[in-house]
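Examining the three-dimensional arrangement
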Amino acid sequence: MITDTPATPHLTAAVRNNAAWCDAVCRSHGTGGTVEGDVWASALRTPPLYPDAVTLSPTATPDDVLPRIDLSSPGASVKDSFGTLDLSEAGFAVLFEARWIHRVAAEPAPPRAGGWEPVVGAERLRAWEAAWSGDGESEGLFRPALLDDGAVFLAPTATGPLTAATHPVTAGAIACPGAGAIGVSNLFAADDDLDAAWRSCLEATGRLWPGVPVVGYEHGDDLAAALRQGFEPVGPLRVWLRTDG
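Fair warning: this is a prediction, and the values are worked out from it, not measured in the lab. (Residues numbered from 1 in each chain as written. Predicted model: local features only at pLDDT ≥ 70, side-chain atom pairs only at ≥ 80, totals over all residues. Heavy atoms only, no water.)

**Brief notes about the overall build of the protein chain**
Of the regular secondary structure elements, the protein chain holds five helices and 11 strands. Here the protein chain has a C-alpha radius of gyration of 18 Å; the compact-globule value for 245 residues is 18 Å, and the two agree. A principal-axis box enclosing the C-alpha atoms of the protein chain has dimensions of 55 × 35 × 30 Å. Counting every position in the protein chain, which comprises 245 residues, the buried fraction comes to 47%. Intrachain contacts of the protein chain at a sequence separation of at least 6 include 70% that bridge at least 24 residues. Side chains of the protein chain carry 16 positive and 31 negative charges; the gap between the two charge centres is 4 Å. (Helix = DSSP H or I, 4+ residues; strand = E, 2+ residues; numbered from the N terminus. Rg over C-alpha atoms; globule rule 2.2 N^0.38 Å. Buried < 20%, exposed > 50% of the residue type's maximum accessible area, 1.4 Å probe, protein only. Contact = heavy atoms within 4.5 Å. Lys, Arg positive; Asp, Glu negative; His and termini not counted. Charge placed at Lys NZ, Arg CZ, Asp CG, Glu CD.)

**As for the sheet that holds strand S9 (residues 181-189)**
The strand order S1-S2-S3-S4-S11-S5-S10-S9-S8-S7-S6 describes an open sheet built from 11 strands, whose pairing is mixed. Strands with a single pairing partner mark the edges of an open sheet, and in this sheet they are strand S1 (34-36) and strand S6 (116-118). Neighbour-to-neighbour, the strand axes of the sheet open up by a mean angle of 25°, direction not taken into account. Two strands pair when backbone bridges link them, and S6 and strand S7 (residues 152-156) are joined in this way by three bridges, in the antiparallel orientation. Across the sheet, Trp 116 pairs through a bridge with Pro 156, a residue of S7. Most of the contacts of helix H4 (residues 194-208) go to S9, to which it runs at about 150°, and overall it touches strand S5 (92-103), S6, S7, strand S8 (171-178), S9 and strand S10 (214-218). (Pairing = 2+ DSSP bridges. Axes fitted to C-alpha atoms, helices over the stretch in contact; angles between N-to-C directions.)

**Comments concerning the nonpolar core**
Membership of the largest hydrophobic core comes to 33 residues, with the highest contact counts inside it found for Trp 21, Tyr 50, Trp 100, Trp 128, Phe 142, Leu 146 and Phe 153. Listed by contribution, the elements that provide at least two residues to this core are helix H1 (9-28), S5, helix H3 (122-133), S7, S8, S9 and strand S11 (232-242). In terms of residues, this core owes the most to one element, H1, which gives nine residues. Non-local contacts of Phe 153, meaning those with residues more than four positions away in its chain, are made with Trp 21, Glu 117, Pro 118, Val 119, Leu 125, Trp 128, Phe 142, Leu 146, Leu 147, Ala 173 and Ile 174. (Core = buried A, V, L, I, M, F, W, Y, C linked by side-chain atoms within 4.5 Å.)

**A short note on H1**
Helical geometry note: an α-helix holds 3.6 residues per turn, so side chains three or four residues apart project in the same direction. With 20 residues, H1 extends 29 Å between its outermost C-alpha atoms, agreeing within 8% with the 28 Å of an ideal straight helix rising 1.5 Å per residue. The first or second residue beyond H1 is Gly 30, which carries a positive phi of 80°. (Expected span 1.5 Å × (residues − 1).)

Pasting the structure below:
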């Protein structure tokens, strides 16, 4: 299971950008972490879907990670950013595997009808999260403080009176600048046309951050769609989940 993954510049940018995004989400919930050595970690349990620790170097070891997170109950998770850890002896199992991705900066394009623009305001953010969740509900995972912390929630442009009825959110993604790149995550499309969603997302990031590459991680059909839109895989990652209490 252990792999030898060199920390190339593209891979390092993707990892560092994602760790900064995880920290931003955690800080918005009052559980921000710290970087020590090769690991970002939070001593408090982090919000749902976000890791308690993220490795920042392929040389990080279990001893660098485990003492810094809450192991008092099941549910701790670790983003093994280079696929180099074995946490099985500590009661963890691999939740999923994915690939980091990198894409050169898209050529800036003018706004177009139906293009994507940043979400503005807490109400629209709640509508975005409800659409992303797939069940029409917002649980408050993404809090308005993120909008003031550099994160950009992208959605199709709305024109005219802005209400959930007249302009439901039908697709979107999160873009987070940092580490010399724009990290894109949580991309979705209500009609499951991920290729169209990626094209709209890249048009928006190219316009908002001209000349800046885009990074992230995906797996399965989401990875295949990203690769069709010009991304290249730059390294493996694993997310470990602790089930032993």
